[in-house]
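# Architecture at a glance
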Amino acid sequence: DVGNVYFGPNHPMKPHRLCMTHHLVLSYDLHKKMEIYRPHKAYPTELAQFHSADYVEFLHRITPDTQHLYASELTRYNLGEDCPVFDDLFEFCQIYAGGTLDAARRLNHKTCDIAINWAGGLHHAKKCEASGFCYINDLVLGILELLKYHARVLYIDIDVHHGDGVEEAFYFTDRVMTVSFHKYGDMFFPGTGDIKDIGDREGKYYAINIPLKDGIDDTSFTRLFKTIIAKVVETYLPGAIVLQCGADSLARDRLGCFNLSIEGHAECVKFVKKFKIPLLVTGGGGYTKENVARCWAVETGVLLDTELPNEIPDNEYIEYFGPDYTLKVPNLNMV
């Protein structure tokens, strides 16, 4: 259901990539190796655990047909070009947020070791406003849920964009450590995530930013990632980890500027899994949709210790993966 909404023509966010991911996962029979749940749609009161009640209420009420009546509110809540009002917007938010909340609750109740919600990971949304294609910050809601059972939660973000909404939400607490690897500089969105931003008050030294330049490759990225994350886990000793796997850090992404292969991106997921700490995995950005689907299918395989054959099995979306119909993209990250 979540893949059937439409942000509008010319908008880079294509939830349809989730349908493609889902069918790839099914075509490789990965669903037989895990439990699949239909999440509940998050209730407005659940969304208001982080977001302001007036903002949640407005998202609930606004429709494409009525938005012309609410010019001042649209401006106040930052709805418009990047974050358009579209049909079933609120239900879309309820579904992806409900998925992350249910994932966190399953981890809390120890009914799974790893929970995946590829529809989640919308890390830019703020308490009172939408930002960067994100309306409700499911990650913050999921982390708040995990904090009911865990003293410390580690948040790791490998999206090409800075995980600003999550960092901001927990900037003043030591109970969540946020670690974001992202492109920084050249007016790249959202413009935050300087290496000097480290948290404040009780949260000082509990926000880590790794600002990167264009074109970083597998070798440099994975070396940085493993060195930093190994030290963070060893020192911080989190009870749970949330890993945002935005796929716009892949080479040839429509909005990204990094040079990672799917294998390099997946290596980060493999590394975090090795710690055997309760793990919540989400999607995030990713705007070249056939590569997003490939990446998240491979990473589902990694989380299931399953190597996937390179030839993509027949499925409803097979034509999107031509001309080679393979999982690995030859020379994806060759400049």
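To keep things clear, this report deals only with the structure shown in the data block. What you see is a predicted model, and the numbers here were worked out from it, not measured in a lab.

For the rest of this paragraph, the subject is the packing of helix α8 (residues 218-236) against helix α9 (residues 262-273). It is the contact of α8 with α9, at a shortest axis distance of 9 Å, that shows an interaxial angle of 15°. By the angle class used here, α8 and α9 are roughly parallel. Of the two possible hands of crossing, α8 and α9 adopt the one that is right-handed. From α8, Asp218, Phe221, Thr222, Phe225, Lys226, Ile229 and Ala230 reach across to α9, where they touch Gly264, Glu267, Cys268, Phe271 and Val272. Residues that form the contact of α8 with α9 fall into these classes: 7 nonpolar, 2 polar and 3 charged.

Applying the stated criterion across every chain, the model contains 15 salt bridges. The salt bridge partner of Arg105 is Glu145, with a shortest N-O separation of 3.1 Å. Here the residue Arg105 occupies a position in helix α5 (residues 89-108), and Glu145 occupies one in helix α6 (residues 138-146), the gap between them amounting to 40 residues. Judged by relative accessible area, Arg105 falls into the partly exposed class, the value being 22%. Of the residues examined, Glu145 reaches a relative accessible area of 9% and is grouped as buried.

All right, on to the layout of surface pockets then. A volume near 1,600 Å³ is recorded for the largest pocket. Contributions of two or more residues to the lining of the largest pocket are made by α1 (16-27), α5, β1 (114-117) and α10 (289-303). Among the elements that take part in the lining of the largest pocket, α5 stands out by supplying 7 residues, more than any other. Taken together, the residues of the lining of the largest pocket sort by class into 22 nonpolar, 10 polar and 11 charged. What lines the second largest pocket is a set of 15 residues, among which Lys270, Val298, Val302, Glu307 and Leu308 lie closest to the centre. For the lining of the second largest pocket, the secondary-structure elements that each account for two or more residues are α9 and α10. Among the elements that line the lining of the second largest pocket, the one with the most residues is α9, at 5 residues. Across the lining of the second largest pocket, the residue classes break down as 6 nonpolar, 3 polar and 6 charged.

Now for empty space enclosed by the protein. Think of a ball as big as a water molecule: rolled over the atoms, this probe shows where empty space is left. Counted under the stated rule, the structure contains 2 cavities of 30 Å³ or more. Its boundaries defined by the atoms lining it, the largest cavity holds a volume of some 70 Å³. Contributing to the lining of the largest cavity are 15 residues, with His123, Cys134, Gly284, Gly285 and Tyr287 lying nearest its centre. Here the residues of the lining of the largest cavity are counted per class, giving 5 nonpolar, 8 polar and 2 charged. Size it by volume and the second largest cavity reaches roughly 50 Å³. Lining the second largest cavity we find Met13, Pro15, Arg17, Leu18, Phe92, Ala119 and Leu122.

With that settled, consider the sheet that holds strand β2 (residues 153-157). Here 6 strands make up an open sheet; going across it, the order is β1-β6-β5-β2-β3-β4 and the pairing parallel. If you trace the sheet from one side to the other, it starts and ends with β1 and β4 (207-212), each paired once. Geometrically, the sheet is characterised by an average inter-axis angle of 10° between neighbouring strands, direction not taken into account. In this structure, strand β5 (residues 240-244) lies alongside strand β6 (residues 279-282), joined through 4 bridges in parallel fashion.

Rules of the game
Residues numbered from 1 in each chain as written. Predicted model: local features only at pLDDT ≥ 70, side-chain atom pairs only at ≥ 80, totals over all residues. Heavy atoms only, no water. Axes fitted to C-alpha atoms, helices over the stretch in contact; angles between N-to-C directions. Helix = DSSP H or I, 4+ residues; strand = E, 2+ residues; numbered from the N terminus. Parallel < 35°, antiparallel > 145°, perpendicular 65-115°, else oblique. Left-handed = near helix turned anticlockwise from the far one by under 90°. Contact = heavy atoms within 4.5 Å. Nonpolar A, V, L, I, M, F, W, Y, C, P; charged D, E, K, R; others polar. Salt bridge = Lys/Arg side-chain N within 4 Å of Asp/Glu carboxyl O. Buried < 20%, exposed > 50% of the residue type's maximum accessible area, 1.4 Å probe, protein only. 1 Å grid on protein atoms, 1.4 Å probe; cavity = no way out; pocket = protein on both sides within 12 Å on 5 of 7 lines; lining within 4 Å. Points joined across faces, edges and corners; volume = space filled by probe spheres on them. Pairing = 2+ DSSP bridges.

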